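Residues per chain, in single letters:
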Amino acid sequence: MSSKASSHETHDEQTLHIAERHRGMWGWFSGIIVLALVAVPLSAAFAFATNPGTQQLFGGRLSEATTGGYQAFWWIVALLLVALPVLVGYGVAKMSGRAVVIVGAVVALFVIAIMILGQLFVF
């Protein structure tokens with residue numbers, strides 16, 4: 001009976017750390033999902049940035065803005081939309097939970113900045 005108890009005590013359990021092994025794949029997957037979600041706005045921002053004739057589609061201040069300001073606004077929006085999937089993928093793959101929260105806050109600030117700039121030009 002004591003041999004069973006001693007063999008039972010020496011048994012160690014090991015868990016698989018699947019999340020740590022596959023963080024890179026989860027990063028790629030989340031980046032691709034985010035890219036799919038921002039594909040249409042990215043395409044529209046690129047089209048607005050490269051064709052100054054689209055400025056007339058917008059009423060209010062955006063149609064009255066200079067051509068350079070209009071294009072700069074849409075290029076900034078396009079660059080931020082391109083950076084978003086990369087940031088999300090890297091955040092999921094490499095960063096700790098605290099760092100992901102910080103990056104999320106920075107992305108939220110960028111989105112707020114885009115909305116403020118849009119409000120300044122559109123209304």
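Conventions we followed
Residues numbered from 1 in each chain as written. Predicted model: local features only at pLDDT ≥ 70, side-chain atom pairs only at ≥ 80, totals over all residues. Heavy atoms only, no water. Helix = DSSP H or I, 4+ residues; strand = E, 2+ residues; numbered from the N terminus. Contact = heavy atoms within 4.5 Å. Areas by Shrake-Rupley, 256 points an atom, 1.4 Å probe, with all protein chains shown as cover. Phe/Tyr/Trp six-rings, centres within 6.5 Å; stacked < 30°, edge-to-face > 60°. Buried < 20%, exposed > 50% of the residue type's maximum accessible area, 1.4 Å probe, protein only.

## So, the overall build of the protein
- The helix and strand tally for the protein stands at six helices and zero strands.
- Across the protein, the fraction of contacts at a sequence separation of at least 24, relative to all contacts at a separation of at least 6, is 65%.
- Carbon and sulfur atoms make up 71% of the accessible area of the protein, which amounts to about 9,000 Å² in all.

## Looking at the packing of aromatic side chains
- Within this structure, the stated rule accounts for three aromatic pairs.
- On the numbers, 4.8 Å between centres and 55° between planes, the contact of phenylalanine 48 with tryptophan 74 is tilted. With phenylalanine 48 in helix α3 (residues 23–50) and tryptophan 74 in helix α5 (residues 67–94), this pair connects stretches of sequence that are 26 residues apart.
- On the accessibility criterion, phenylalanine 48 (18% relative accessible area) is buried.
- Looking at tryptophan 74, the relative accessible area reads 13%, which means it is buried.
- By the ring-pair criterion, three or more aromatic residues cluster together here, those being Phe48, Phe73 and Trp74.

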